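Next come the chains, spelled out residue by residue.
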Protein chains: 2
Amino acid sequence: MIVQKYKDMLQGKSVIRQLSEFAVARGQEIGYENVFDFSLGNPSVPVPQAFTDTMIRMLQEKDSMELHGYSQSLGIPSVRDKVAASLNKRFGMNYTGNHIFMTTGAAGAIAHALRCVTQPGDEVLTFAPYFPEYAPYVNLTGAVLKVVPADTENFQINFGAFEEMLTEKVAAVLINTPNNPSGMVYSTATVKELSRIMEEKQRQYGHDIFLISDEPYREIVFAGVDAPYPSAFYDNSLSCYSFSKSLSLPGERIGYIAVNPKCTDAELISVMCSQISRGTGHNCPPSIIQLAVAKVLDLTSDLSVYERNMNILYKELTGLGFECVRPGGTFYMFPKSPEPDAVAFSGKAKKYDLILVPGDSFGVEGYFRIAYCIDTEKVERSLEAFRRLMKENY
Amino acid sequence: MIVQKYKDMLQGKSVIRQLSEFAVARGQEIGYENVFDFSLGNPSVPVPQAFTDTMIRMLQEKDSMELHGYSQSLGIPSVRDKVAASLNKRFGMNYTGNHIFMTTGAAGAIAHALRCVTQPGDEVLTFAPYFPEYAPYVNLTGAVLKVVPADTENFQINFGAFEEMLTEKVAAVLINTPNNPSGMVYSTATVKELSRIMEEKQRQYGHDIFLISDEPYREIVFAGVDAPYPSAFYDNSLSCYSFSKSLSLPGERIGYIAVNPKCTDAELISVMCSQISRGTGHNCPPSIIQLAVAKVLDLTSDLSVYERNMNILYKELTGLGFECVRPGGTFYMFPKSPEPDAVAFSGKAKKYDLILVPGDSFGVEGYFRIAYCIDTEKVERSLEAFRRLMKENY
């Protein structure tokens, strides 16, 4: 029989999706170039040419059965080895290919990591503001997502609330740094304190508490920002990565889990994930995409536009009186709404063709998200709309 | 904490995998060309050139952000429309794009179909001989796979056993035609009788019983064989497809669910699947692969080699006294072992460098599977080994 719980999920429509649809519809009226659509987190810069060249070369030269054949369900061994080597070089880790499980993006990585270290009924903690998909990601495994209230001063971690919520029922803590939607990067001090508390609680409860670190924005960090690699600070850690943002190919669904070699059962986790994938239907990401990203592991798209856009917006918005913690990375910022009701504020902004997502969608009321992964020229044209919005309403 | 059930799954090693590893190891001793490796179901013919050409052209010509951007989680709308149109033309159905959910291969399709129409604890019936991955596919959703004993006379359906096992607890029936491992194709009479019984039981129990039809071998049907499209005969049907075999690209993980427009909640099922995918981490198959297969929907690789191989093997083996139902499609056949213990027979065959999988792996003792997706030249050279195996042992 048709399963009611999935049917019920069809009732809610995400605010982000609604705003994005509004932007498209408004674009059809006045030209999309005149809608300042800051609603969606889609990369706005092309894939590196080397990726495209590699894909074409493989298609032209490789034996098709070899190129398009089954990969192991853990991923292609040579690709896993290269991912491990790249991470070791950059972050001083000791991964081998055996610690890498290739996935269909960060979503696939998180789905497998959660199933590996949580049972139905276990609690998973995350921190507001947070990517709203975490709720279905966690809750559909049978575990229960609990959200630690935000540290609205710095958008680091509200450690008081965290310690209180880190009860014996918690099997995993899910972090996202650099963060969607705040744009903040956890400092070394933050990661160390997080790690210290988790280690203490592990000892106290006598069971593992895993850190699942969602890092799709790892390569988008702005000048001078301290951006530690969380797995270097905590043994029971699973680093979940996606190439979507760094290589601008979100549609190709490619990422991985890197299992900390020091974690419990470190040598088993990637093969456990390949068992889990028999149930999720995941199997492995596409062979050709695995092979192609392995050739450009240490490249990124030209990500400089995001920092440029951030600087322009940060300067203008703080000048207009917005309170905003300066982003350390990503292509998001998360200013305070000039009125407590960010939904009302977002509604007013729409009248100026500014599409801004209320922070309510990310678990923090009274703030809003700007996704500035759009052309700089459009960012500059949007400033006048922000000015009018503020002048005429606040 | 690390989840024990997935750890436990690491203990068992599949017989197919072990035989395949033996074949590779033996190949290192005597040259792989001298090992008659009939163990694995990997396509042995190249992808159509039109697929490769399409991929290259898109990479050269398309805007990279458009080409590699997020697709909707249901799949790219134009791709879903084309799949629907192709199925309608071939099978007289009335699908629209809304009935198509793009997946990462048949494994992804089955994972979503099962979650859509079964609850934990429900029973799912399948028929021996069956693809052994069905057990984890079903059991890891929380439902329970039950296997209806084989009709060893024709490898159609043992309807007596089926009717007995089709109790009120059954939420879905999982079929695979053309069949791995028997090579048999369900006849129109078989599909009609299956449908009649399921409809009767639906009425009797007052709840839906879904038919999940796994069809990766749909395009590999031999001359003159009656190969009905199951969904044309039963309303509550979900057709699960993979392009792995028809286009020889199993590593690219692309397939779909086609939801029968006449089934319960037909308009909801594909959007329900996109909710399910938030939990499985599936999201959608890679954009570029979706776009490329949509361009070659009505093409296949040159599949004629499989029928040629079947004819050679069928003639020789029946001549040697093997009992075997003549395959109607796929690249498998499933002869009776000359001794009741097919594991012992497979062990003897190994001494002649014939790698044959005992039927025990597929839920039928006393038979063995030959996967003849290898070069015809090698099939011909294998005949002498079959002759010696029989002469010297039976």
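Parameters and conventions
Residues numbered from 1 in each chain as written. Chains lettered and ligands numbered in written order. Predicted model: local features only at pLDDT ≥ 70, side-chain atom pairs only at ≥ 80, totals over all residues. Heavy atoms only, no water. Helix = DSSP H or I, 4+ residues; strand = E, 2+ residues; numbered from the N terminus. Polar contact = N/O pair within 3.5 Å; in protein donor to acceptor, adjacent residues only side chain to side chain. Contact = heavy atoms within 4.5 Å. Buried < 20%, exposed > 50% of the residue type's maximum accessible area, 1.4 Å probe, protein only. Lys, Arg positive; Asp, Glu negative; His and termini not counted. Salt bridge = Lys/Arg side-chain N within 4 Å of Asp/Glu carboxyl O. Pairing = 2+ DSSP bridges. Least-squares fit on C-alpha atoms with pLDDT ≥ 70 in both. Buried area = accessible area lost by both parts, 1.4 Å probe. Nonpolar A, V, L, I, M, F, W, Y, C, P; charged D, E, K, R; others polar. Axes fitted to C-alpha atoms, helices over the stretch in contact; angles between N-to-C directions. Disulfide = S-S within 2.5 Å. Phe/Tyr/Trp six-rings, centres within 6.5 Å; stacked < 30°, edge-to-face > 60°. Lys NZ or Arg CZ within 6 Å of the ring centre and 35° of its normal. Parallel < 35°, antiparallel > 145°, perpendicular 65-115°, else oblique. pLDDT = per-residue confidence, 0-100. Expected span 1.5 Å × (residues − 1). Arc of directions from axis to C-beta.

## Topic: the side chain of Asn 179 of chain A
All names here are of chain A.
Part 1 of the argument: Locating Asn 179 in the fold gives a position in the loop between strand E5 (170–176) and helix H9 (188–205).
Part 2 of the argument: A distance of 2.9 Å separates a polar atom in the side chain of Asn 179 from the backbone nitrogen of Ser 182.
Part 3 of the argument: Beyond its immediate sequence surroundings of up to four residues, Asn 179 is in contact with Pro 129, Met 184, Thr 330 and Tyr 332.

## Regarding the side chain of Lys 201 of chain A
Part 1 of the argument: Here Lys 201 of chain A shows up in helix H9.
Part 2 of the argument: It is Glu 163 of chain A that comes nearest to the buried, bridge-free Lys 201 of chain A among opposite-charge side chains, at 4.5 Å.

## Observations regarding the sheet that holds strand E11 (residues 357–358) of chain B
All names here are of chain B.
Part 1 of the argument: A sheet is described by the order of its strands in space; here three strands give the open sequence E9-E12-E11, paired in antiparallel fashion. Because the sheet does not close on itself, it has two edges, and the strands there are strand E9 (332–333) and E11.
Part 2 of the argument: Bridge count for E11 against strand E12 (residues 368–371) is two bridges, and the pairing is antiparallel. For Pro 358, the partnering residue across the bridge sits in E12 and is Phe 368.

## So, helix H11 (residues 287–295) of chain A
Part 1 of the argument: The buried count for H11 of chain A comes to eight of nine residues, which makes it a mostly enclosed element.
Part 2 of the argument: Buried residues of H11 of chain A: Ser 287, Ile 288, Ile 289, Gln 290, Leu 291, Ala 292, Val 293 and Ala 294 of chain A, and no others.
Part 3 of the argument: Packing partners of the buried residues in H11 of chain A comprise helix H3 (49–61), helix H4 (64–67), helix H5 (77–91) and strand E2 (100–103) of chain A together with helix H3 (49–61) and helix H11 (287–295) of chain B.

## Focus: the relation of the copies chain B and chain A
Part 1 of the argument: The two copies are related by a screw operation: chain B maps onto chain A through 180° of rotation and 0.0 Å of translation along the axis, at an RMSD of 0.0 Å. The transformation relating the two chain copies, once decomposed into turn and shift, fits a two-fold axis.
Part 2 of the argument: Both copies share a contact surface, since 100% of the interface residues of chain B are interface residues in chain A too.

## Some words on unusual backbone geometry
Part 1 of the argument: Thr 177 of chain A connects to Pro 178 of chain A through a cis peptide bond whose omega is -10°.
Part 2 of the argument: By secondary structure assignment, the location of Pro 178 of chain A is in the loop between E5 and H9.
Part 3 of the argument: Positive phi, normally seen in glycine, also occurs at Ser 248 of chain B, with a value near 55°.
Part 4 of the argument: Although it is not a glycine, Asp 353 of chain B adopts a positive phi angle of roughly 60°.
Part 5 of the argument: Counting through the fold element by element, Asp 353 of chain B comes out in the loop between helix H13 (342–350) and strand E10 (354–355).

## Comments concerning the interface of chain B and chain A
Part 1 of the argument: Listed as interface residues are 70 residues of chain B and, on the opposing side, 70 residues of chain A.
Part 2 of the argument: For the pair chain B and chain A, the two sides together bury roughly 5,900 Å², of which 62% comes from carbon and sulfur.
Part 3 of the argument: By the criterion of area lost to chain A, the three top residues of chain B are Met 1, Tyr 70 and Arg 278 of chain B, representing 13% of everything that side buries.
Part 4 of the argument: At the boundary of chain B and chain A, one finds four salt bridges.
Part 5 of the argument: For the interface between chain B and chain A, the tally reads 30 residue pairs in polar contact (both at pLDDT 80 or more).
Part 6 of the argument: Tallying contributions element by element places helix H10 (residues 266–280) of chain B first for the side of chain B that touches chain A, with nine residues.
Part 7 of the argument: A per-class count over the side of chain B that touches chain A returns 38 nonpolar, 23 polar and nine charged.

## Details of the sheet that holds strand E8 (residues 255–259) of chain B
All names here are of chain B.
Part 1 of the argument: In spatial order, the strands read E2-E8-E7-E6-E5-E3-E4; together these seven strands make up an open sheet with mixed pairing. Two strands in the sheet have a free side with no partner beyond their single neighbour: strand E2 (100–103) and strand E4 (144–148). Averaged over all adjacent pairs, the angle separating strand axes in this sheet is 20°, with direction ignored.
Part 2 of the argument: Pairing of strand E3 (residues 123–127) with strand E5 (residues 170–176), which is carried by four bridges, proceeds in the parallel orientation. Considered in E5, the bridge of Leu 125 is made with Val 173.
Part 3 of the argument: H10 contacts E2, strand E6 (210–214), strand E7 (237–242) and E8 of the sheet and is inclined by roughly 25° relative to E2.

## Description of the state of the cysteines
Part 1 of the argument: Inspection of every chain in the model, using the stated rule, returns zero disulfides over all chains.
Part 2 of the argument: Summary of cysteine pairing: Cys 263 of chain A is not part of a disulfide, and the nearest cysteine sulfur, belonging to Cys 116 of chain A, is at 8.6 Å.
Part 3 of the argument: A relative accessible area of 5% means that Cys 263 of chain A is categorised as buried.
Part 4 of the argument: Not part of a disulfide, Cys 324 of chain B finds its nearest cysteine sulfur in Cys 373 of chain B, a span of 16 Å.

## Section: the packing of aromatic side chains
Part 1 of the argument: Per the counting criterion, the structure on display carries 43 aromatic pairs over all chains.
Part 2 of the argument: With a centroid separation of 5.5 Å and 90° between ring planes, the pair formed by Tyr 217 of chain A and Phe 331 of chain A is classed as edge-to-face. Separated by 114 residues along the polypeptide, Tyr 217 of chain A in the loop between strand E6 (210–214) and strand E7 (237–242) and Phe 331 of chain A in the loop between helix H12 (304–319) and strand E9 (332–333) bring together distant segments of the chain.
Part 3 of the argument: Tyr 217 of chain A sits in the buried class, given a relative accessible area of 4%.
Part 4 of the argument: On the basis of an interplanar angle of 85° and a centroid distance of 6.2 Å, the ring pair of Phe 334 of chain A and Phe 362 of chain A is categorised as edge-to-face. Of this pair, Phe 334 of chain A sits in the loop between E9 and helix H13 (342–350) while Phe 362 of chain A sits in the loop between strand E11 (357–358) and strand E12 (368–371), placing them 28 residues apart in sequence. In this pair, the class of Phe 334 of chain A matches that of Phe 362 of chain A, namely buried.
Part 5 of the argument: A cation over an aromatic ring shows up here: Lys 378 of chain A above the ring of Tyr 32 of chain A, its NZ or CZ 4.3 Å from the ring centre.
Part 6 of the argument: We note Lys 350 of chain B situated over the ring of Phe 22 of chain B; from NZ or CZ to the ring centre the distance is 4.4 Å.

## Considering the packing of helix H6 (residues 105–117) of chain A against helix H10 (residues 266–280) of chain A
All names here are of chain A.
Part 1 of the argument: Where H6 meets H10, the closest approach of the two axes is 9 Å, and the angle between their N-to-C directions is 110°. Taken together, the axes of H6 and H10 are roughly perpendicular relative to one another. Contacts from His 112, Arg 115 and Cys 116 of H6 reach H10 at Ile 269, Met 272, Cys 273, Ile 276, Ser 277 and Thr 280.
Part 2 of the argument: Of the residues assigned to the contact of H6 with H10, the class counts are five nonpolar, three polar and one charged.

## Remarks on the confidence of the model for chain A
Part 1 of the argument: Averaged over all residues, the pLDDT of chain A equals 96, while 100% of them reach at least 70.
Part 2 of the argument: For this predicted complex, the interface confidence score (ipTM) comes to 0.95, while the overall pTM stands at 0.96.

## Focus on the pairing of E7 of chain B
Residue and element names in this part refer to chain B.
Part 1 of the argument: Here E7 lies mainly inside the structure; six of its six residues are buried.
Part 2 of the argument: Residue alternation in E7 divides its side chains into two sets, Ser 237, Ser 239 and Tyr 241 and Leu 238, Cys 240 and Ser 242, and both sets are buried.
Part 3 of the argument: Note: E6 against E7, four bridges, orientation parallel. Residue pairing for E7: Ile 212 is matched across the bridge by Leu 238.

## Some points on the environment of Asp 214 of chain B
Residue and element names in this part refer to chain B.
Part 1 of the argument: Structurally, the position occupied by Asp 214 is in strand E6.
Part 2 of the argument: Sequence separation between Asp 214 and Ile 257 is 43 residues; the distance between their C-alpha atoms is 9.4 Å.
Part 3 of the argument: When residues no more than four places from it in sequence are discounted, the contact partners of Asp 214 are Ala 106, Ile 110, Tyr 134, Leu 174, Ile 175, Asn 176, Thr 177 and Cys 240.

## A look at helix H2 (residues 15–30) of chain B
Residues and elements named next belong to chain B.
Part 1 of the argument: Its 16 residues give H2 an end-to-end C-alpha distance of 22 Å, which sits within 8% of 22 Å, the value for a rise of 1.5 Å per residue.
Part 2 of the argument: Residues Ile 16, Leu 19, Ser 20, Ala 23 and Gly 27 constitute the buried set of H2. Projection of H2 onto a plane perpendicular to its axis shows the buried side chains occupying an angular sector of 100°, all on one side. Along H2, the residues that are exposed and aim more than 90 degrees away from the buried face are Gln 28 and Glu 29.
Part 3 of the argument: The inward-facing, buried residues of H2 abut strand E1 (36–37), H13, E10, E11 and E12.
Part 4 of the argument: After H2 finishes, the residue Gly 31 shows a positive phi value of roughly 90°.

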